[in-house]
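# Chain and residue survey
One-letter residues, chain by chain:
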Amino acid sequence: MMTAEDENEGREHASTVSLSDENDGRLNVSISDAVSELETVKFTIQTKTQLPSFSQHQMSVIRCHEEFIWLHDMLSENPEYAGYIIPPAPPKPDFEEARDKLTRVTAAENTMTEEEYKKLRKELESDYLALFKKTVAMHEIYLLRIAAHSKLREDSNFRVFLEYAKDLKVRSKNKKEIIGGFFKSMTKNVDEALLSGQKDKDEFFIERRSFLEDYHNRIKETTKKSEGLSASTNGLSVDYMQMAGCLALLSTQDPSLQRFMAQGAITFESLQKLQKRTSTDEDLKLTDLFKYYQRETNAAKSLLYRRGRALADKEIAEGKLEQAQKKFKDIPTAEAYLEDCKIRFESISDMARTELDTFTNRRLETYRRHLVDMSELQIRHSQSIISELTKGLELLKEL
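Throughout what follows, the structure given in this document is the object of discussion.

Calculation notes
Residues numbered from 1 in each chain as written. Predicted model: local features only at pLDDT ≥ 70, side-chain atom pairs only at ≥ 80, totals over all residues. Heavy atoms only, no water. Helix = DSSP H or I, 4+ residues; strand = E, 2+ residues; numbered from the N terminus. Buried < 20%, exposed > 50% of the residue type's maximum accessible area, 1.4 Å probe, protein only. Contact = heavy atoms within 4.5 Å. Pairing = 2+ DSSP bridges. Core = buried A, V, L, I, M, F, W, Y, C linked by side-chain atoms within 4.5 Å. Patch = residues over 30% accessible without salt bridge, like charges linked within 9 Å, V, L, I, M, F, W, Y side chains within 5 Å. Areas by Shrake-Rupley, 256 points an atom, 1.4 Å probe, with all protein chains shown as cover. Salt bridge = Lys/Arg side-chain N within 4 Å of Asp/Glu carboxyl O. Phe/Tyr/Trp six-rings, centres within 6.5 Å; stacked < 30°, edge-to-face > 60°. Lys NZ or Arg CZ within 6 Å of the ring centre and 35° of its normal.

## Examining the overall build of the chain
Per the secondary structure count, the chain includes eight helices and four strands. Reading the chain from its N end, one meets helices and strands in the order β-β-β-β-α-α-α-α-α-α-α-α. By the burial criterion, 44% of the 399 residues in the chain qualify as buried. For the chain, restricting intrachain contacts to residue pairs at least 6 apart in sequence, the fraction spanning at least 24 positions comes to 77%.

## Let's talk about unusual backbone geometry
Notably, Phe 328 is not glycine yet its phi reads approximately 55°, a positive angle. Along the chain, the position of Phe 328 falls in the loop between helix H7 (258-327) and helix H8 (331-398). The exposure class of Phe 328 is exposed, given its relative accessible area of 74%. Phi angles above zero are rare outside glycine, and Asp 330 is one such case at about 55°. Along the chain, Asp 330 turns up in the loop between H7 and H8.

## A few points about the pairing of strand E3 (residues 41-49)
Relative to E3, strand E2 (residues 27-36) runs antiparallel, the two sharing nine bridges. Looking at E3, one finds that Ser 36 is bridged to Val 41. In this sheet, strand E4 (residues 58-64) lies alongside E3 in antiparallel orientation, the contact comprising seven bridges. Note on E4: the bridge partner recorded for Lys 42 is Cys 64.

## Regarding the environment of Leu 131
Tracing the backbone shows Leu 131 in helix H3 (residues 114-148). Given the relative accessible area of 26%, Leu 131 is considered partly exposed. Sequence separation between Leu 131 and Thr 280 is 149 residues; the distance between their C-alpha atoms is 9.4 Å.

## Regarding the environment of Ser 347
By secondary structure assignment, the location of Ser 347 is in helix H8. The class of Ser 347 is partly exposed, set by a relative accessible area of 32%. Sequence separation between Ser 347 and Gly 83 is 264 residues, and the spatial gap between their C-alpha atoms is 7.3 Å.

## Some remarks on the nonpolar core
Core analysis: the biggest nonpolar cluster contains 32 residues, and Phe 43, Ile 45, Leu 71, Leu 75, Leu 143 and Phe 161 have the highest contact counts within it. Secondary-structure elements contributing two or more residues to this core are E2, E3, E4, helix H1 (65-77), H3 and helix H4 (156-163). With seven residues, H3 is the largest single contributor of residues to this core. Those residues within four positions of Leu 143 in sequence are excluded, and the remaining contacts are Val 29, Ile 45, Phe 68, Leu 71, Phe 158 and Phe 161. Counting 22 residues, the second-largest nonpolar core is a separate cluster that includes Ile 85, Tyr 215, Phe 359 and Met 374.

## Considerations on a nonpolar patch on the surface
A contiguous nonpolar surface patch, about 250 Å² in accessible area, is contributed by Leu 257, Phe 260 and Leu 399. For Leu 399, the position within the fold is in the segment after H8. Judged by its relative accessible area of 43%, Leu 399 falls in the partly exposed class.

## Focus on the pattern of salt bridges
A complete count under the given rule lists 16 salt bridges for this structure. Notably, a salt bridge pairs Glu 207 with Arg 208, separated by 3.1 Å at the nearest N-O pair. Given a relative accessible area of 43%, Glu 207 falls into the partly exposed group. For Arg 208, a relative accessible area of 14% translates into the label buried. A single salt-bridge network, built from bridges that share partners, covers Lys 134, Asp 283 and Asp 288.

## Structural notes on the packing of aromatic side chains
Under the criterion given, the structure shown has eleven aromatic pairs. Relative to Tyr 142, the ring of Phe 68 lies with its centre 6.3 Å away and its plane at 55°, an arrangement referred to as tilted. Of this pair, Phe 68 sits in helix H1 while Tyr 142 sits in helix H3, and the two are 74 residues apart along the sequence. In this structure, Phe 68 and Tyr 142 share a single accessibility class: buried. Through a chain of ring-to-ring contacts, the aromatic side chains of Phe 290, Tyr 292, Tyr 293, Phe 359 and Tyr 367 assemble into a single cluster. The aromatic ring of Phe 161 is capped on one face by Arg 63, whose charged end is 5.5 Å from the ring centroid. The ring centre of Phe 204 lies 4.8 Å from the NZ or CZ of Arg 353, which sits over that ring.

## A short note on the environment of Gln 272
Following the sequence through the fold, Gln 272 ends up in helix H7. Judged by relative accessible area, which is 9%, Gln 272 ranks as buried. Separated by 31 residues in the primary sequence, Gln 272 and Met 241 have C-alpha atoms spaced 5.8 Å apart. In this structure Gln 272 touches Glu 123, Ser 237, Tyr 240 and Met 241, once residues within four positions along its chain are discounted.

Now the structure itself:
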C-alpha cells in the first residue's frame, strides 16, 4: 500500500501541468490523499467553493479511477458541450509491472547480501513512488481543468462527483460495452476520413485544423525523444549504482585499498541518488507534459470533428430543403430542420473559436513555465552533482 503522505520529497501534485492561473478562485479542487490498493487507487478529493450551484462550501469525497472515467463520459456525451474542448481523461493507474519487480526482488532475497537487497528494494520502491505521484498528479490535473472552465464546472454530474459522499457505484465497462466503444471509435474514424475533404470557408478553422494535425504528429515524436532522454538519464543512475556495488565489493577483497574503494562506493551512491532525482524530474516536467498535450490535442481535434459534423449536417439539411422545394412537399419541416442545424453549427463555431484561442494561450504559458522550471532544476541538480564529486575527490585525496 502507498499513500500520498509518503511523498515527502517535494510533492508534485499538478506540477506536471500547472493550470492554477486559469482558475478564478471560486472553485478550488485538490487531491489531498491517495491510497494504492491491490486493484485500484482511491483518491481523497477536497473541494472549497463559492459557487451558488453547490450545496456546500467545503466537501471531501473518495473516488476511484472508474469514477473519473464516468465523469469524462458524461461530459463527452453531453451535446451542450459540443463546442468545448473536453479535458482528456486521466490515464488508468498501472502498477502491475512495479509490483511484479518488487515481488521478484522479495523472492530473490536469499540470493543477495542484506545490503544488496536493501539497496535494490529501496530503488524499486523509489520507482513505484514516482509512478504513484504521477498517477495522483494526472487525476488532479483533470479536475483542475474542469474547475477552471466557466461552463464545465457548473455541470450537474461534476457537482455530484464532488459533493456526493457515498460511492457512485460505477463499475468498469464489460466486454459488450468495450466492443461497442471500439465500433463507435471506428465509426468516428471513418466519418473523420470522409469529412477530411470537406470545404470549409472559415479561414480560422482551416488554419487551426492544419496546425493541430501537424502539431499532434510533432508532439508524438517529441514525447518519444523525451522518453529516451529520461531513460538515458535513469540508465546513468543505474550505472552509478553498479559502480558503487563493484567498489564496495572490491573494498572487502583488497585490504590495502579498502578505505579508498569504500569512499568511492559512497560517492557513487550519492551520485546515483542525484541522477535518479534528475531522471524523475525530467519525466515529470517534460515527458508527462508532452504526453498530456498529446491527449489535449486529441481533445481539440475532436472538437473540430464535432464542428465538421455539424457543418455536414447543415449541408445535408440544405440539400433536403432544395429537394422539398422542388417537390413542393414538407417544406416547413425541411426549413425547421435546416434552421436547427444552422443554429447548432453557429453555436459550436462560436464556442470553438474561443476554446481554441484559450487552448493556444494555455499551452504557451504552460510550456514557458515548465521549461523555466526544468532549466532551474537542471542547474540545481548539476550543482549538486559537481558538489558531490568535489567532496568525494577531496576525501579521496585525504586517504
